[in-house]
Amino acid sequence: MACLFCKIANKEIPAKIAHEDEDLVAFHDINPVAATHVLIIPKRHLVSLADATEADQALLGKMLLTAKRIAEQEGRTAEGFRTVLNTGPNAGQSVFHIHMHVIGGRPMAWPPG
Ligand code: AMP
Ligand code: ZN
């Protein structure tokens with residue numbers, strides 16, 4: 001399996017794990033853009049949100065609630081945090097295994113660059 005995030009999910013590549021259950025793994029981004037920067041991935045390979053189907057509805061919902069849990073774990077709930085899914089070239093997706101960014105620990109501008 002050539003996919004980097006499948007390798008992290010399978011523990012073939014080390015990562016600093018923030019949460020794991022039967023469906024998902026959350027780990028700290030190797031190049032954090034804020035004090036908190038965690039990526040949530042499904043263990044099952046899915047390229048991006050553009051490839052998701054009705055069958056993925058529960059999984060996508062679980063990713064979002066896991067983002068809430070990570071924010072709580074990291075103590076970012078009161079100050080606020082951002083959840084991001086980059087999908088495809090214009091959004092700057094660089095790893096083609098769907099991942100939700102959970103970013104917090106500093107004020108963030110809008111719109112994003
Ligand atoms: P994106 O640009 O949305 O595809 O985000 C990919 C993210 O994966 C970037 O923030 C990278 O810093 C992060 N990343 C790449 N390789 C690793 C790795 N081995 N462990 C943790 N995070 C990684
Ligand atoms: Zn994968």
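Residues numbered from 1 in each chain as written. Chains lettered and ligands numbered in written order. Predicted model: local features only at pLDDT ≥ 70, side-chain atom pairs only at ≥ 80, totals over all residues. Heavy atoms only, no water.

Undergrad: Outline the sheet that holds strand E5 (residues 100-104), listing residues and values.
TA: Taken in spatial order, the 5 strands make up an open sheet running E1-E2-E3-E5-E4, and their pairing is antiparallel. If you trace the sheet from one side to the other, it starts and ends with strand E1 (17-20) and strand E4 (81-84), each paired once. Taking the axes of each pair of neighbouring strands and ignoring which way they run, one obtains an average angle of 15° across the sheet. Where strand E3 (residues 36-42) and E5 come together, 5 bridges link them in antiparallel fashion. (Pairing = 2+ DSSP bridges. Helix = DSSP H or I, 4+ residues; strand = E, 2+ residues; numbered from the N terminus. Axes fitted to C-alpha atoms, helices over the stretch in contact; angles between N-to-C directions.)

Undergrad: Explain the coordination of the zinc ion (ligand 2) to me, using residue names and the numbers behind them.
TA: Taken together, Cys3 (SG), Cys6 (SG), His45 (ND1) and His97 (ND1) make up the protein donors of the zinc ion (ligand 2), found 2.0 to 2.3 Å from the metal. Sequence positions of the residues that donate to the zinc ion (ligand 2) give the spacing C-x2-C-x38-H-x51-H. Like cysteine 6, cysteine 3 is buried. (Donors = N, O, S within 2.8 Å, 3.2 Å for Na, K, Ca; no water. Buried < 20%, exposed > 50% of the residue type's maximum accessible area, 1.4 Å probe, protein only.)

Undergrad: Tell me about the site of ligand 1, and please be specific about residues and values.
TA: Ligand 1 sits among 16 residues. The nearest are Asp29, Asn86, Ser94, His99 and His101. One of the backbone N or O atoms of serine 94 is found 2.7 Å from an oxygen atom in ligand 1. In isolation ligand 1 has 510 Å² of accessible area, and contact with the protein removes 83% of it. Secondary-structure elements contributing two or more residues to the shell around ligand 1 are helix H1 (4-9) and strand E2 (24-28). If you tally residues by element for the shell around ligand 1, the top one is H1, at 3 residues. Residues of the shell around ligand 1, tallied by class, amount to 7 nonpolar, 8 polar and 1 charged. (Near = heavy atom within 4 Å. Polar contact = N/O pair within 3.5 Å; in protein donor to acceptor, adjacent residues only side chain to side chain. Areas by Shrake-Rupley, 256 points an atom, 1.4 Å probe, with all protein chains shown as cover. Nonpolar A, V, L, I, M, F, W, Y, C, P; charged D, E, K, R; others polar.)

Undergrad: Which residues make up the layout of surface pockets, and what values do they have?
TA: In this model, the largest pocket occupies a volume close to 400 Å³. Contributing to the lining of the largest pocket are 16 residues, with Arg82, Val84, Asn86, Ile103 and Pro112 lying nearest its centre. Those elements that place two or more of their residues in the lining of the largest pocket are E4 and E5. Listed by contribution, the elements that provide at least two residues to the lining of the second largest pocket are H1 and E2. When its residues are assigned to classes, the lining of the second largest pocket shows 10 nonpolar, 7 polar and 2 charged. (1 Å grid on protein atoms, 1.4 Å probe; cavity = no way out; pocket = protein on both sides within 12 Å on 5 of 7 lines; lining within 4 Å. Points joined across faces, edges and corners; volume = space filled by probe spheres on them.)

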